[in-house]
Amino acid sequence: MIIINKSAAVLFFLCTAGCLLVGCNAGMAPSGGSPEEVKSAFDKLPIEERAKSIMSSPATAEFKAQRIKEMYAKEGKEVPPDLLKGAGTAH
């Protein structure tokens, strides 16, 4: 007969449970969308949300401003004047 003290039993249980949880989830992470799916989802967002997303990117201020101007021009809208303020800061 094997005698196991309480702390050893708890440690064994925690190690076993941890291995089972990690082993069951290993390699099961969602892969995310393809570049086409991501672009399609981005294009479906309202223009204001797309602009906010671009403004929060780490891109240069010039790139952000140009991209937003192109996006609004494509939809035939004027860029809100306050939108491009702070274009040089990454959020």
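Residues numbered from 1 in each chain as written. Predicted model: local features only at pLDDT ≥ 70, side-chain atom pairs only at ≥ 80, totals over all residues. Heavy atoms only, no water.

Caption draft 1: Representation of the confidence of the model for the protein in the model. Put simply, the protein has an average pLDDT of 76, and 60% of its residues get 70 or more. Mean pLDDT values over the elements of the protein span from 56, in helix 1 (residues 6-25), up to 92, in helix 4 (residues 61-74). (pLDDT = per-residue confidence, 0-100. Helix = DSSP H or I, 4+ residues; strand = E, 2+ residues; numbered from the N terminus.)

Caption draft 2: Spotlight on helix 3 (residues 47-55). Within the span of helix 3, buried status applies to Ile47, Arg50, Ala51, Ile54 and Met55. All buried residues of helix 3 project into a common sector of 135 degrees when viewed along the axis, lining one side. Next to the buried residues of helix 3 lie helix 2 (35-44) and helix 4. (Buried < 20%, exposed > 50% of the residue type's maximum accessible area, 1.4 Å probe, protein only. Arc of directions from axis to C-beta. Contact = heavy atoms within 4.5 Å.)

Caption draft 3: Inspection of the pattern of salt bridges at higher detail. Scanning the model with the defined rule gives four salt bridges in all. With a shortest N-O distance of 2.8 Å, Asp43 and Lys39 are connected by a salt bridge. Taken together, the residues Asp43 and Lys39, both in helix 2 and four residues apart, mark about one turn of the helix. We classify Asp43 as partly exposed; its relative accessible area is 36%. Accessibility expressed as a relative area gives 52% for Lys39, which makes it exposed. In this structure, the salt-bridge partner of Glu75 is Lys77, at a minimum N-O distance of 3.9 Å. (Salt bridge = Lys/Arg side-chain N within 4 Å of Asp/Glu carboxyl O.)

Caption draft 4: Region of the structure containing the nonpolar core. Among the nonpolar cores identified, the biggest contains eight residues, and these are Ile47, Ala51, Ile54, Met55, Ile68, Met71, Tyr72 and Leu83. At the level of elements, helix 3 and helix 4 are the ones that each hand at least two residues to this core. Broken down by element, this core gets its largest block of residues, four residues, from helix 3. Setting aside its immediate chain neighbours within four residues, Leu83 contacts Ala51, Met55, Ile68 and Tyr72. (Core = buried A, V, L, I, M, F, W, Y, C linked by side-chain atoms within 4.5 Å.)

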